[in-house]
Amino acid sequence: MALTQKLRIIIGSVVTIVVIGLVVGITVGVVVGRRKPATITVEKRALQILENNPLIDGHNDWAWAFRSRFQNSINNLDLNNMTQYKFERNILIHTDITRLRQGQVGGQFWSIYTRCDHQGKDATISFLEQIDLMNRIIAKHPDVFQMAKTAQEVRQAFSAKRIASLFGVEGGQAIESSFGILRIFYQLGVRYMTLTHNCNTPWADQNQVDRVNSTLIKNNGLTAFGKKVIEEMNRLGMLVDLAHVSKQTMLDVLNISRSPIIFSHSSAYSLCNHTRNVQDDVLELVKKNQGLVMVTFAPGFITCNSSNDGSIADVAAHINHIRKIADIDSVGIGGDYDGVDVLPTGLEDVSKYPKLIEYLIDQGDWTDDDIIKLVGGNILRVLEKNEQIAQELQKTMKPHESLIERNELEVYNLTQCRYLDMYTTTV
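Thresholds, definitions, all that
Residues numbered from 1 in each chain as written. Predicted model: local features only at pLDDT ≥ 70, side-chain atom pairs only at ≥ 80, totals over all residues. Heavy atoms only, no water. UniProt positions renumbered as here; feature names shortened; annotations may be inferred. Helix = DSSP H or I, 4+ residues; strand = E, 2+ residues; numbered from the N terminus. Rg over C-alpha atoms; globule rule 2.2 N^0.38 Å. Buried < 20%, exposed > 50% of the residue type's maximum accessible area, 1.4 Å probe, protein only. Contact = heavy atoms within 4.5 Å. Areas by Shrake-Rupley, 256 points an atom, 1.4 Å probe, with all protein chains shown as cover. Lys, Arg positive; Asp, Glu negative; His and termini not counted. Charge placed at Lys NZ, Arg CZ, Asp CG, Glu CD. Axes fitted to C-alpha atoms, helices over the stretch in contact; angles between N-to-C directions. Parallel < 35°, antiparallel > 145°, perpendicular 65-115°, else oblique. Nonpolar A, V, L, I, M, F, W, Y, C, P; charged D, E, K, R; others polar. Phe/Tyr/Trp six-rings, centres within 6.5 Å; stacked < 30°, edge-to-face > 60°. Lys NZ or Arg CZ within 6 Å of the ring centre and 35° of its normal. Salt bridge = Lys/Arg side-chain N within 4 Å of Asp/Glu carboxyl O. Core = buried A, V, L, I, M, F, W, Y, C linked by side-chain atoms within 4.5 Å. Pairing = 2+ DSSP bridges. Right-handed = clockwise from strand over helix to strand, strands pointing away. Left-handed = near helix turned anticlockwise from the far one by under 90°. Polar contact = N/O pair within 3.5 Å; in protein donor to acceptor, adjacent residues only side chain to side chain.

Looking at an unreviewed UniProt entry, the protein carries the name Dipeptidase, with the source organism given as Rotaria socialis. In its Cofactor (unreviewed entry) section, UniProt records this for the protein: "Zn(2+)". Here is the UniProt Subcellular location (unreviewed entry) comment for the protein, exactly as written: "Membrane".

Draft legend 1. Structural view of the overall build of the protein. Within the protein, the regular secondary structure consists of 15 helices and nine strands. In terms of overall size, the protein is more extended than a compact globule, its C-alpha atoms giving a radius of gyration of 28 Å where 427 residues would be expected to give roughly 22 Å. Viewed in the frame of its principal axes, the protein has a C-alpha envelope of about 140 × 50 × 45 Å. A burial count over the protein gives 52% of its 427 residues as buried. At a minimum sequence separation of 6, the contacts of the protein that also span at least 24 residues come to 72%. Looking at the protein as shown, the accessible area adds up to about 19,800 Å², and 52% of this sits on carbon and sulfur atoms. Between the averaged position of the 44 positive side-chain charges in the protein and that of its 47 negative side-chain charges there is a distance of 7 Å.

Draft legend 2. Seen up close, the side chain of Gln-119. With respect to the element layout, Gln-119 can be found in the loop between strand E2 (105-112) and helix H5 (123-140). In this structure, Gln-119 is in contact with Gln-173, Glu-176, Cys-199, Asn-200, Thr-201, Pro-202 and Leu-414, ignoring residues within four places of it in sequence.

Draft legend 3. Spotlight on the packing of helix H6 (residues 151-159) against helix H14 (residues 368-393). For the pair H6 and H14, the least separation of the axes is 8 Å and the interaxial angle reads 140°. Considering their axes alone, H6 and H14 lie oblique with respect to each other. Here Ala-151, Val-154 and Arg-155 of H6 lie close against H14, whose contacting residues are Leu-380, Leu-383, Glu-384 and Glu-387. For the contact of H6 with H14, the per-class residue count stands at four nonpolar, no polar and three charged.

Draft legend 4. Structural view of the packing of aromatic side chains. Across all of its chains, the model carries 13 aromatic pairs by this definition. Centroid distance Phe-70 to Phe-87: 5.7 Å. Interplanar angle 75°. Geometry classified as edge-to-face. Here Phe-70, found in helix H3 (residues 62-70), pairs with Phe-87, found in the loop between H3 and helix H4 (97-102); they are 17 residues apart in sequence, far enough to count as distant. Ring geometry for Phe-297 and Tyr-337: centres 5.6 Å apart, planes at 80°, overall edge-to-face. Separated by 40 residues along the polypeptide, Phe-297 in the loop between strand E8 (292-295) and helix H11 (299-302) and Tyr-337 in the loop between strand E9 (331-333) and helix H13 (353-363) bring together distant segments of the chain. Exposure remark for Tyr-337: the relative accessible area of 0% places this residue in the buried category. Three or more aromatic residues joined by ring pairs form one cluster here, namely Trp-62, Phe-66, Phe-70, Tyr-85, Phe-87, Trp-110 and Phe-145. One residue, Arg-191, lies across the ring of Tyr-186, its end atom 3.6 Å from the ring centre. For the cation-ring pair, Arg-323 lies above Trp-366, with the distance from its terminal atom to the ring centre recorded as 4.2 Å.

Draft legend 5. Summary view of the pattern of salt bridges. Under the defined criterion, the tally for this structure stands at 16 salt bridges. Here the residues in one salt-bridge network are Asp-96, Arg-99 and Asp-349, joined through shared partners.

Draft legend 6. Geometry of the nonpolar core. In terms of nonpolar packing, the biggest core is built from 93 residues, with Phe-66, Phe-145, Met-193, Leu-195, Leu-242 and Leu-356 touching the most fellow members. Not counting chain neighbours up to four residues away, the residues in contact with Phe-145 comprise Trp-62, Ile-97, Leu-100, Trp-110, Ile-137, Ile-138, Arg-162, Ile-163 and Ser-165.

Draft legend 7. Spotlight on the environment of Ile-325. Tracing the sequence through the fold places Ile-325 in helix H12 (residues 312-326). In this structure, the C-alpha to C-alpha distance between Ile-325 and Asp-341, residues 16 residues apart in sequence, is 30 Å. Ile-325 has contacts with Asp-280, Leu-283, Glu-284 and Lys-287, leaving out every residue within four places of it along the chain.

Draft legend 8. Focus on the pairing of E8. Across the two faces of E8 the burial is the same, with Leu-292 and Met-294 and Val-293 and Val-295 all buried. Note: strand E7 (residues 262-266) against E8, three bridges, orientation parallel. From the neighbouring strand, Ile-262 faces E8, where its bridge partner is Leu-292. Taken together, E7, helix H10 (residues 280-289) and E8 form a β-α-β motif whose crossover is right-handed. Relative to E9, E8 is paired through three bridges, and the arrangement is parallel. Residue pairing in the sheet places Val-295 in a bridge with Ile-333 of E9.

Draft legend 9. Seen up close, the packing of helix H2 (residues 42-52) against H14. Where H2 contacts H14, the axes come no closer than 10 Å and their chain directions differ by 55°. The orientation of H2 with respect to H14, classified from their angle, is oblique. Here H2 and H14 pass one another in a crossing that is right-handed. Here H2 contributes Arg-45, Ile-49 and Leu-50 to the contact with H14, which in turn contributes Asp-368, Ile-371, Ile-372 and Val-375. Across the contact of H2 with H14, the residue classes tally to five nonpolar, no polar and two charged.

Draft legend 10. Structural detail: the side chain of Thr-249. Among the secondary structure elements, Thr-249 is positioned in helix H9 (residues 247-256). Look at Thr-249 and you get buried, because its relative accessible area is 0%. Within the local environment of Thr-249, its side chain forms a polar contact with the side chain of Ser-246, the two groups lying 2.8 Å apart.

Written as structure tokens, this is what we have:
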């Protein structure tokens with residue numbers, strides 16, 4: 001009987017221990033199950049986004065740096081480390097392979113640019129020299145750079161861990177008012193053209209005509225020939241870039257373009273009232289057009305204060321303003337590295353893009369999808385839409401063949417170095 005009682009006590013104790021164990025286990029399991037997943041740092045989150053989605057910058061003047069400082073000679077240059085080359089006032093080149101990789105750059109529109117002084121003389125030649133330069137850079141480092149002419153080719157290059165390289169002609173003077181030259185540039189891989197630089201073309205006004213007391217000749221926006229240029233760019237699938245044009249030119253283009261347009265390197269006029277920037281009413285039209293403003297880092301268009309180069313926060317303010325007015329689908333990045341001498345603190349060279357992304361993430365109202373659109377998703381959409389519309393237009397629209405009116409060239413004194421054989425008078 002004593003043994004039976006003892007056995008009952010032992011069994012009861014075991015059962016109690018088992019029950020307690022089950023209760024504790026379930027409780028711990030519930031607590032563990034409810035525990036929030038470990039948070040990742042903003043640095044890690046930015047890195048993950050950029051590792052899986054291409055950051056595509058709208059404007060980089062590396063080619064101009066080689067022309068202005070090395071006469072386009074690159075055979076003996078170390079493109080991995082351009083910081084070793086020193087220039088007056090200790091100005092450094094902002095771009096090289098090492099820093100592009102550090103900046104997680106997945107695609108770049110390389111600016112094909114020469115000065116307005118070439119217009120009416122050797123503009124086309126000088127722009128072709130810049131295309132040749134970029135082709136040689138790509139050929140010199142085929143493991144780093146890959147030419148891209150379509151949105152799909154950008155994605156392919158990114159998948160191959162190469163920097164997708166696209167060309168953007170910065171300044172309509174490059175085509176010397178010729179549809180034939182425009183088409184040749186497209187065939188050579190140019191996928192956007194900035195209609196003007198800081199000089200008028202005979203068919204479009206640049207931004208400086210909007211300055212107070214400007215005495216510059218005005219076309220009053222786009223001329224009839226300029227409107228045909230837009231039609232031909234739409235037909236080709238070449239993006240129209242409004243970064244340097246006057247407000248009236250912006251309005252004229254947005255009124256007639258069948259394809260989404262871009263501003264490859266401009267910012268918000270409401271935060272910095274420079275004529276290179278985009279006013280809110282134009283931002284609303286960009287949204288309607290499904291176009292894109294790629295925010296520049298150039299201090300003159302960010303702070304409007306020559307004694308203040310700005311900061312990441314200042315650039316982010318422009319991004320956020322454009323996002324607010326034109327929506328998340330209409331904002332991108334166009335740093336303008338090597339197109340300016342100084343840059344905002346924290347964005348000193350092409351290695352710094354992740355810092356901007358980290359700042360935006362840390363603000364708390366940017367989702368991963370928002371960041372993906374900002375860094376590259378939006379420009380890929382715009383590029384793809386231009387390709388699709390071009391395919392449709394080419395089914396019914398023939399290439400433009402007309403000449404610009406001779407008097408339009410004469411107004412800008414652009415006939416002396418031009419053999420006008422196609423302007424013969426019929427007898």
